[in-house]
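Spelled out from the first residue to the last, the chains are:
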Amino acid sequence: MPFYVSPEQQMKDKADYARKGISRGRSVVVLQYDDGILFVADNPSRALHKISEIYDRIAFAAVGKYNEFENLRLGGVRYADINGYQYDRRDVTARGLANVYAQSLGTIFTETNKPYEVELVVAEVGEDAETDQIYRLTFDGSVADEHGYVAMGGQADAVAQALKDGFREGAPLEEALRTAVRALEAQDSDRRLEASSLEVAVLDRNREHRLFKRLAARRIEGLLAEGSSGSSGGDEDGSESGSSDED
């Protein structure tokens with residue numbers, strides 16, 4: 001015999017279910033630095049990426065169920081390609097993509113029994129820090145326009161507090177990376193994240209055409225060493241690791 005559940009209770013149950021699924025995932029941090037936007041994920045996998053390029057100046061980061069956010073990523077790539085081809089590449093924006101994701105997530109949340117257990121960031125790097133765009137999307141399709149930094153997944157509140165304490169606008173890449181890693185480590189005081197367990201990428205406004213770039217483990221190690229030393233004495237690391245960046 002069917003039983004009645006109020007819409008309010010049904011929405012609450014769905015939201016609680018999605019939040020629990022997202023909190024079980026490893027965290028992702030997105031923050032601005034002097035030359036663009038930095039993405040850092042606690043992710044030892046070399047094949048299953050949480051951070052990806054969407055279009056020329058746009059990148060995507062996600063936490064939660066991999067198959068669910070991968071479907072969203074692929075949909076975003078198709079949206080960007082089609083609109084860039086039909087109109088102009090400049091017409092593809094993070095704001096437009098965030099609106100598409102918001103509609104999809106909102107529809108899934110309200111019309112299906114099981115919501116997506118995902119949280120997303122869509123970011124677009126501008127000509128300067130003031131024109132950078134960072135949008136955070138939650139499982140129910142809500143959109144927030146963020147500035148400075150974002151933390152998602154895991155113990156997001158602890159990570160966000162550490163970012164708040166350590167974030168500095170206009171910081172160089174090595175300082176921003178060190179801040180992000182410290183924030184991720186704030187979830188567990190006994191854990192130290194190595195370069196091999198990090199997925200790191202940037203949207204670098206100084207590059208041409210495609211501004212997204214992944215950082216290889218050796219490059220990450222060099223930046224962390226340079227940041228911890230607080231000096232430019234890591235020139236050897238920087239020059240050596242610079243050649244190992246991945247486009």
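About the cut-offs
Residues numbered from 1 in each chain as written. Predicted model: local features only at pLDDT ≥ 70, side-chain atom pairs only at ≥ 80, totals over all residues. Heavy atoms only, no water. Helix = DSSP H or I, 4+ residues; strand = E, 2+ residues; numbered from the N terminus. Buried < 20%, exposed > 50% of the residue type's maximum accessible area, 1.4 Å probe, protein only. Pairing = 2+ DSSP bridges. Axes fitted to C-alpha atoms, helices over the stretch in contact; angles between N-to-C directions. Contact = heavy atoms within 4.5 Å. Salt bridge = Lys/Arg side-chain N within 4 Å of Asp/Glu carboxyl O. pLDDT = per-residue confidence, 0-100. Left-handed = near helix turned anticlockwise from the far one by under 90°. Nonpolar A, V, L, I, M, F, W, Y, C, P; charged D, E, K, R; others polar.

(A) Layout of unusual backbone geometry. Although it is not a glycine, His 209 sits at a positive phi angle of roughly 65°. By secondary structure assignment, the location of His 209 is in the loop between β9 (198-204) and β10 (212-214). Judged by its relative accessible area of 68%, His 209 is exposed.

(B) How the structure looks around the sheet that holds strand β4 (residues 58-64). With respect to topology, 5 strands assemble into an open sheet ordered β3-β4-β5-β6-β7, the strand pairing being antiparallel. At either end of the open sheet lies a strand with only one pairing partner, and these are β3 (51-55) and β7 (143-146). Between one strand axis and the next, the sheet turns through 25° on average, direction left out of account. Here strand β6 (residues 133-137) pairs with β7 via 4 bridges, running antiparallel. From the neighbouring strand, Leu 137 faces β7, where its bridge partner is Val 143. Set on the sheet, helix α2 (residues 66-86) makes contact with β3, β4 and β5 (118-124); between it and β3 the angle comes to about 20°. Strands β3, β4, β5, β6 and β7 of the sheet are contacted by helix α3 (residues 94-111), whose axis makes an angle of about 5° with β6.

(C) Region of the structure containing the pattern of salt bridges. The tally for this structure, following the rule as stated, stands at 17 salt bridges. Across the salt bridge formed by Arg 168 and Glu 175, the nearest N and O atoms sit 2.6 Å from each other. On the accessibility criterion, Glu 175 (25% relative accessible area) is partly exposed. Sharing partners across several salt bridges, the network here consists of Arg 24, Lys 65, Glu 68, Lys 114 and Glu 117.

(D) The arrangement of the sheet that holds strand β8 (residues 149-152) in detail. The strand order across the open sheet formed by 5 strands is β8-β1-β2-β9-β10, and the pairing between neighbours is antiparallel. The open sheet terminates on both sides in strands that have one partner only, identified here as β8 and β10. The average angle at which neighbouring strand axes cross in this sheet is 15°, direction not considered. Here 6 bridges tie strand β1 (residues 28-33) to strand β2 (residues 36-42), and the two strands are oriented antiparallel to one another. Looking at β2, one finds that Val 29 is bridged to Val 40.

(E) The arrangement of the environment of Ala 180 in detail. With respect to the secondary-structure elements, Ala 180 resides in helix α5 (residues 173-185). Residue classification places Ala 180 among the buried residues on the basis of a relative accessible area of 0%. The residues contacting Ala 180, other than those within four sequence positions of it, are Val 29, Leu 31, Val 40 and Leu 163.

(F) Structural detail: the pairing of β5. Burial analysis of β5 places 7 of its 7 residues in the buried class, the great majority of the element. Residues Val 118, Leu 120, Val 122 and Glu 124 point to one face of β5 and Glu 119, Val 121 and Ala 123 to the other, with burial holding for every one of them. One ladder, built from 5 bridges, connects β5 with β6; its direction is antiparallel. Residue Leu 120 lies in a different strand from β6, and its bridge partner there is Leu 137.

(G) Broad picture of the confidence of the model for the chain. The pLDDT averaged across the chain works out to 89; a share of 90% of its residues lies at or above 70. Of the regions scoring below 50 in pLDDT, residues 231-247 engages in 23 contacts with residues more than four places distant in sequence or in other chains.

(H) Just the packing of helix α4 (residues 156-166) against α5, in detail. The geometry of α4 relative to α5 is characterised by a closest axis approach of 8 Å and an angle of 145° between their N-to-C directions. Crossing of α4 over α5 shows right-handed handedness. Where α4 approaches α5, its residues Val 159, Ala 162, Leu 163 and Gly 166 are matched on the opposing element by Thr 179, Ala 180, Ala 183 and Leu 184. Counted by class, the contact of α4 with α5 contains 6 nonpolar, 2 polar and no charged residues.

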